[in-house]
Amino acid sequence: MKAGFVRELLGRSDYAIIGEIVEPGTKVLDLGCGEGELLEWLASNKGVDARGVEISGAKVQKAIARGVSVFQCDIDEGLADYPDQAFDYVILSQTLQETRHPRKVLREMLRVGQRAIVAFPNFGHWRVRLSMLFSGRAPRTSLFPYEWYESPNIHFLTVHDFEALAALESLVVERRYFLAGHRKVEWQPNLLAEVAVFLVSRG
Amino acid sequence: MIVEANTVRFDSIALDNGTTLGPVEVAYETYGVLNAARSNAIVVLHAFSGDAHAAGISGETGKPGWWDNMIGPGKAFDTNKYFVICSNVLGGCRGTTGPSSLNPATGCPYAMSFPVITIGDMVRLQKMLIDSFGIRRLLSVSGGSMGGMQALEWAAAYPESVVSAIPIAATTRHSAQQIAFNEVGRQAIMADPDFSEGNYYDKQPPARGLAVARMVGHITYMSDDSMREKFGRRLRGKENFSFGFDVDFEVESYLRYRGSQFVYRFDANSYLYITKAMDYFDLTNGHGTLAAALEKTQARFLVISFSSDWLYPSYQSQELVRALRSRNRDVAYVELQSNYGHDSFLVDVVEQTDLVRGFLASTFEKAQ
């Protein structure tokens with residue numbers, strides 16, 4: 001990967017990476033899809049068959065109103081009904097750290113989909129480390145802006161943590177992207193990347 | 001928008017009970033214009049006590065349709081874009097052949113000699129109506145409550161004819177509780193001395209029984225919250241209890257009024273036949289499982305339930321959604337927050353409008 005800038009997609013650089021990864025005409029499931037913006041973009045620009053899962057009823061309403069097939073459900077339980085290998089890609093964007101059973105979710109993603117695209121904020125970023133080191137309190141940064149008692153994040157992970165879990169699950173990391181703002185990070189991603197995007201499969 | 005009722009007659013229809021009924025008339029209304037490709041047709045399906053007059057102002061009665069807030073220019077079912085059809089169900093009493101229709105063999109109303117019909121029979125007759133328009137595929141079939149059950153039957157029975165289905169506040173089969181409420185209604189009618197084994201058409205109809213049946217129905221259509229909000233314990237036109245059995249409470253007055261008015265627009269025998277059809281409805285019949293019943297459908301689904309609907313609770317919609325997901329069908333589902341109970345699909349339509357509009361627009365685009 002060449003050093004460089006990533007143009008935003010829908011105001012987010014991780015979406016730009018995901019938009020680049022997803023092949024046209026495929027079947028895509030987005031977990032925690034919010035108001036369905038990414039799915040709508042993928043449907044109209046890549047011709048994908050787009051589906052989504054979202055827990056918030058208000059967001060599901062907005063997603064359906066924009067024409068995306070979304071159903072209201074908890075990610076931790078919501079995949080069980082799907083048959084094996086129903087999708088080409090299962091996307092989990094900025095949500096893995098909010099799930100109750102991340103390892104189970106990852107397994108389920110690769111049961112119902114050929115490939116999983118996982119984007120998450122990197123808890124190993126130097127600013128997070130410094131915040132913790134100097135304040136002695138649960139870190140608060142632009143990536144992790146919440147007070148600990150208000151945070152939706154319940155499982156913090158770093159780039160190395162995800163690589164370790166992927167190895168433990170014998171996953172093939174097909175591609176990995178690291179971002180700091182709009183810049184791609186090539187060197188020391190565990191320290192310098194704010195967001196990581198992994199494309200993994202069972203090989 | 002002034003609308004006129006139409007009627008079409010068919011020689012006969014084959015019924016699920018093995019018999020044939022004929023001739024059969026269907027009362028229907030249409031709104032909007034069928035496009036040249038005949039690809040913008042939507043069938044809207046009425047609930048238990050509804051009729052073909054779904055939208056606009058009736059040229060005959062001056063009244064708005066039962067889903068006039070959802071169907072019309074710029075509304076959820078946008079008649080500037082779509083051609084919407086609604087017909088009265090088989091067994092009904094609002095223009096389509098039912099127990100109050102004359103049996104040509106005897107010259108008398110069918111009454112209880114009318115065959116017991118099913119949701120499948122109702123939908124088969126609707127299919128005949130659609131065929132008569134030369135429409136091969138419906139952009140959507142949609143309805144609430146019993147209308148949602150018909151939408152599901154459409155998707156399962158005529159998979160090649162249904163591009164999308166929108167079952168709202170519906171179920172794939174009646175639960176024991178739902179059957180129980182219907183049975184109370186039927187028993188109220190049949191216990192009325194005026195019922196006369198259903199042969200009341202030339203005399204006083206079982207108005208008291210039918211009114212009681214309707215009162216029970218109305219309770220099930222509301223929620224605890226909506227009744228508290230609408231009536232509370234307020235007394236009707238008095239400061240103190242009457243210490244008698246006349247109307248004391250607002251809620252009593254409301255139910256009595258609704259019951260007594262229902263008699264003017266609904267036939268007691270139709271009440272029996274249509275509730276029975278709902279009770280018999282079970283999409284899994286002959287298929288074993290729900291997923292198998294929906295195996296052949298390629299339709300997109302938008303499933304909507306309401307948080308306060310205890311008559312057709314969300315879990316029933318979710319069973320449907322899970323079965324569709326297990327076959328990887330294209331399904332969108334949301335439970336809307338509403339206090340109006342089962343009636344929500346008729347009265348609380350702001351969010352429902354956004355959902356249906358967006359779903360139909362994307363379905364129409366994909367289908368072109």
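About the thresholds
- Residues numbered from 1 in each chain as written.
- Chains lettered and ligands numbered in written order.
- Predicted model: local features only at pLDDT ≥ 70, side-chain atom pairs only at ≥ 80, totals over all residues.
- Helix = DSSP H or I, 4+ residues; strand = E, 2+ residues; numbered from the N terminus.
- Rg over C-alpha atoms; globule rule 2.2 N^0.38 Å.
- Buried ≥ 20, exposed ≤ 12 C-beta atoms within 10 Å, placed from the backbone.
- Contact = placed C-beta atoms within 7 Å.
- Domains from an automatic or database assignment.
- Nonpolar A, V, L, I, M, F, W, Y, C, P; charged D, E, K, R; others polar.
- Pairing = 2+ DSSP bridges.
- pLDDT = per-residue confidence, 0-100.

Asker: Which parts of the structure should I look at to understand the overall build of chain A?
Answerer: Secondary structure summary: chain A contains eight helices and eight strands in total. Here the C-alpha radius of gyration of chain A, 16 Å, is about what a compact globule of 203 residues would show, namely 17 Å. Here chain A, with 203 residues, has 42% of them falling under the buried criterion. Restricting to contacts in chain A with at least 6 residues of sequence separation, those with at least 24 account for 61%.

Asker: Looking at this structure, I do not really get the overall build of chain B. What am I missing?
Answerer: Along its length, chain B carries eleven helices and 16 strands. Taking 2.2 N^0.38 as the reference for a compact globule, 368 residues should give roughly 21 Å; the C-alpha atoms of chain B span a radius of gyration of 20 Å, in line with that estimate. Across its three principal directions, the C-alpha atoms of chain B cover 65 × 50 × 45 Å. Scored against the burial criterion, the 368 residues of chain B give a buried share of 53%.

Asker: Looking at this structure, how should I read the domain arrangement of chain B?
Answerer: Interfaces are often sized by the accessible area lost when the parts come together. Residue and element names in this part refer to chain B. Per the domain assignment, the segments of chain B are domain 1 (2-174 + 280-367) and domain 2 (178-276). Summarising the inter-unit geometry, the C-alpha centres of domain 1 and domain 2 are found 26 Å apart. Each partner contributes residues to the interface: domain 1 has 25 residues there, and domain 2 has 19 residues. Of the residues belonging to the side of domain 1 that touches domain 2, the class tally is 14 nonpolar, ten polar and one charged.

Asker: Would you explain the environment of B:E60 in this entry?
Answerer: Residue and element names in this part refer to chain B. By the secondary structure assignment, E60 is in the loop between β7 (57-58) and β8 (71-72). With 11 C-beta atoms packed within 10 Å, E60 lands in the exposed category. Distance from E60 to Q298, taken between C-alpha atoms, is 40 Å for residues 238 residues apart in sequence.

Asker: I tried to follow the pairing of strand β10 (residues 83-87) of chain B on my own but got confused; where do I start?
Answerer: For a regular strand, the rule is simple: side chains alternate between the two faces of the sheet. Residues and elements named next belong to chain B. With five of five residues buried, β10 lies mostly within the body of the structure. On β10, burial covers both faces: F83, I85 and S87 on one face and V84 and C86 on the other are all buried. As defined by bridge partners, strand β5 (residues 24-31) adjoins β10 across four bridges and the pair is classed as antiparallel. Pairing of E29 across the sheet is with C86, part of β10. In terms of strand pairing, strand β6 (residues 41-45) meets β10 through four bridges, oriented parallel. Each bridged residue has a counterpart across the sheet, and for V43 the counterpart in β10 is I85.

Asker: What am I meant to see in helix α3 (residues 57-65) of chain A here?
Answerer: Along an α-helix, a turn takes 3.6 residues, which lines up residues three or four apart on a common side. Listing the buried residues of α3(A) in full gives A:V60, A:Q61, A:K62, A:A63, A:I64 and A:A65. Among the structural elements, β2 (49-54) and β3 (69-72) of chain A together with β15 (300-306), β16 (331-336) and α11 (350-367) of chain B are those in contact with the buried residues of α3(A). Once α3(A) ends, the next one or two residues include A:G67, with phi positive near 90°.

Asker: Teacher, can you tell me more about the confidence of the model for chain B here?
Answerer: When pLDDT drops low, the exact placement of atoms in the prediction is not to be read closely. Mean pLDDT over chain B: 96, with 100% of residues reaching 70 or higher. Both scores are given for the predicted complex: the pTM is 0.94, the ipTM 0.89.

Asker: Is there a simple way to think about the interface of chain A and chain B in this case?
Answerer: Contacts between chain A and chain B engage 15 residues on the former and 22 residues on the latter. Those elements that provide at least two residues to the side of chain A that touches chain B are α3 and β3 of chain A. Examining the composition of the side of chain A that touches chain B, we find that five residues originate from one element, α3(A), more than from any other. In terms of residue class, the side of chain A that touches chain B is made up of eight nonpolar, five polar and two charged.

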